[in-house]
Amino acid sequence: MAGVLKESSVIITEQKESSQIYNKGNFGYPLSGGSLELDLIEATFLAETGRLDVLCDNEKMTFPSLLEYSSSASEGFDIRYMVYRDIRQRGFVVKPEVGEIDLSVFPRGKTLSDSRPKYLVKAVSERTAFNIDALMELAETTGSKGRELLFGIVDEEGDMTYYVVSKRELSGTMRPFDDTVKAEGKLIKDRVFIFDDSSAYAAGAFGKAVGSVLQISLIETCYLMKKGLISSVSAENNKKMRLTDMIKFGRSAQDEFDLRLKAFTDMRDSGLVVKTGFKYGTHFRVYEKHPDTCHARFLVHSVDGSRTLMWPEISRAVRLAHGVKKEILFCRVKDKAEYLEFKRFRP
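This write-up is about the structure you can find in this document. (Residues numbered from 1 in each chain as written. Predicted model: local features only at pLDDT ≥ 70, side-chain atom pairs only at ≥ 80, totals over all residues. Heavy atoms only, no water.)

1. Digging into the overall build of the chain
Thinking step 1. Assigned secondary structure in the chain consists of 10 helices and 24 strands.
Thinking step 2. Rg of the C-alpha trace for the chain: 27 Å, well past the compact-globule value of 20 Å for 347 residues, more than 25% over.
Thinking step 3. Its C-alpha atoms give the chain principal-axis dimensions of roughly 90 × 35 × 30 Å.
Thinking step 4. Out of the 347 residues in the chain, the part that is buried amounts to 47%.
Thinking step 5. Taking the contacts inside the chain whose residues are at least 6 apart along the sequence as the reference set, 54% of them involve residues at least 24 apart.
Thinking step 6. Carbon and sulfur atoms form 47% of the exposed surface of the chain, whose accessible area is close to 18000 Å². (Helix = DSSP H or I, 4+ residues; strand = E, 2+ residues; numbered from the N terminus. Rg over C-alpha atoms; globule rule 2.2 N^0.38 Å. Buried < 20%, exposed > 50% of the residue type's maximum accessible area, 1.4 Å probe, protein only. Contact = heavy atoms within 4.5 Å. Areas by Shrake-Rupley, 256 points an atom, 1.4 Å probe, with all protein chains shown as cover.)

2. Section: the sheet that holds strand β20 (residues 284-287)
Thinking step 1. One open sheet accounts for 10 strands, arranged β7-β8-β9-β11-β12-β24-β23-β21-β20-β19; its pairing is mixed. Edge positions in the sheet fall to β7 (94-96) and β19 (273-276), since each has one partner strand and no second. Across the sheet, the mean angle from the axis of one strand to that of its neighbour is 30°, orientation sign disregarded.
Thinking step 2. In terms of strand pairing, strand β11 (residues 148-154) meets strand β12 (residues 160-168) through six bridges, oriented antiparallel. Its bridge partner being in β12, F151 is matched across the sheet by Y163. (Pairing = 2+ DSSP bridges. Axes fitted to C-alpha atoms, helices over the stretch in contact; angles between N-to-C directions.)

3. Comments concerning the pattern of salt bridges
Thinking step 1. Scanning all chains against the criterion turns up 21 salt bridges.
Thinking step 2. A salt bridge links R242 to D245; the nearest nitrogen and oxygen atoms lie 3.3 Å apart.
Thinking step 3. You can call R242 exposed: its relative accessible area is 57%.
Thinking step 4. Overall, D245 belongs to the partly exposed group, its relative accessible area being 26%.
Thinking step 5. K336 is the salt-bridge partner of E338, the closest N and O atoms lying 4.0 Å from each other.
Thinking step 6. On the basis of relative accessibility, which here comes to 9%, the residue E338 falls in the buried class.
Thinking step 7. Several salt bridges share partner residues, and in doing so they unite D133, E140, K167, R332, K334, K336 and E338 into one network. (Salt bridge = Lys/Arg side-chain N within 4 Å of Asp/Glu carboxyl O.)

4. Points about the environment of K289
Thinking step 1. Along the polypeptide, K289 turns up in the loop between β20 and β21 (298-304).
Thinking step 2. Residue K289 is classed as partly exposed on the basis of its relative accessible area, which comes to 39%.
Thinking step 3. In the structure, K289 is positioned 44 residues away from V333 in sequence and 24 Å away in space, judged by C-alpha atoms.
Thinking step 4. Leave out the neighbours within four places in its chain, and K289 touches T173, M174, V273 and C294.

5. Topic: the sheet that holds strand β14 (residues 191-194)
Thinking step 1. The strand order β15-β16-β14-β13-β17-β18 describes an open sheet built from six strands, whose pairing is mixed. The open sheet has two edge strands, β15 (208-210) and β18 (240-241), and neither has a second partner.
Thinking step 2. Each of β13 (183-188), β14, β16 (213-216), β17 (230-234) and β18 is contacted by helix α7 (residues 218-226), which is oriented at about 125° to β17, the strand it contacts most.

6. Thoughts on α7
Thinking step 1. By the criterion of burial, α7 is predominantly enclosed, with eight of the nine residues buried.
Thinking step 2. Every buried residue of α7 is accounted for by L218, I219, E220, T221, C222, Y223, L224 and M225.
Thinking step 3. Trailing α7 by a residue or two, G228 shows a phi angle of about 75°, which is positive.

7. Looking at the packing of aromatic side chains
Thinking step 1. A complete count under the given rule lists 15 aromatic pairs for this structure.
Thinking step 2. A centroid spacing of 6.1 Å and a plane angle of 25° characterise the contact between F206 and Y223, whose relative ring orientation is stacked. Taken as a pair, F206 in the loop between α6 (199-203) and β15 and Y223 in helix α7 lie far apart in primary sequence, 17 residues in all.
Thinking step 3. What makes F206 buried here is its relative accessible area of 3%. (Phe/Tyr/Trp six-rings, centres within 6.5 Å; stacked < 30°, edge-to-face > 60°.)

Here it is, written out as structure tokens:
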């Protein structure tokens, strides 16, 4: 069958051919009079698979020439085409979109007539940078439509990696801290130690025992001080420290301290137990219950809302989390903490 190139689309005018390719393959958009309009991505795919001849000035275009034309006519066409082609070859019905979303994908085995899109796909190069704020907004918009946001990442060799990106709500079952006990912590170098009875703090899954002494992190200390559940003194001068003093010290001792503290506070207030994620290359590892009764479910990295990330960073984080059987979340810290999950997806 043949179609004629019309700037940004290809038109099949023969009614029988139009009906066949639309009804059997779910390609194109029917026009009045029985014609069918194909997006350049659809036409290029059909040309590559030998199912369509594309004519320009009554001359048949080769697949390479059509691919070159389409790439020059539409910015990022090559990346979108690679993702479209891969998903189509996996047996899904895929339709090109206009705007922030590049493609819509229907459930496997379903068609345009008996279903609605399940995934909204953004096709990007592995070298593409992205902003957390923008990605959070896109995930919220997609979720509000009852769809899943899927990123198709094309590497420099043309291989595909897919991630489902979604907003997550977190909550745990850790019981409230026993506020009938208030101990004094002592800041020694860059760590805080509780020498008095620390059983209430240990029961609340704060800190780590060092013999009969409990060591707690600077972030845990700031959190407990803010709640009025601990006081602190400096070992240097034995003077009592205010919360502002401890936060100032934390900033000098640890990168992105404010971001970490806000994320920590939100998760702890939500009933989760939060511990350092250093060994996993993230800010936190997170438990839904007391660590003595379960394994950490999440790895969480806190980022500023305006932070720009690269996809290789995401790839490393997801791969590591998967390898240790955990879920990776990025905590976007602005007025409040919100969580974005990246999950590997295999169509």
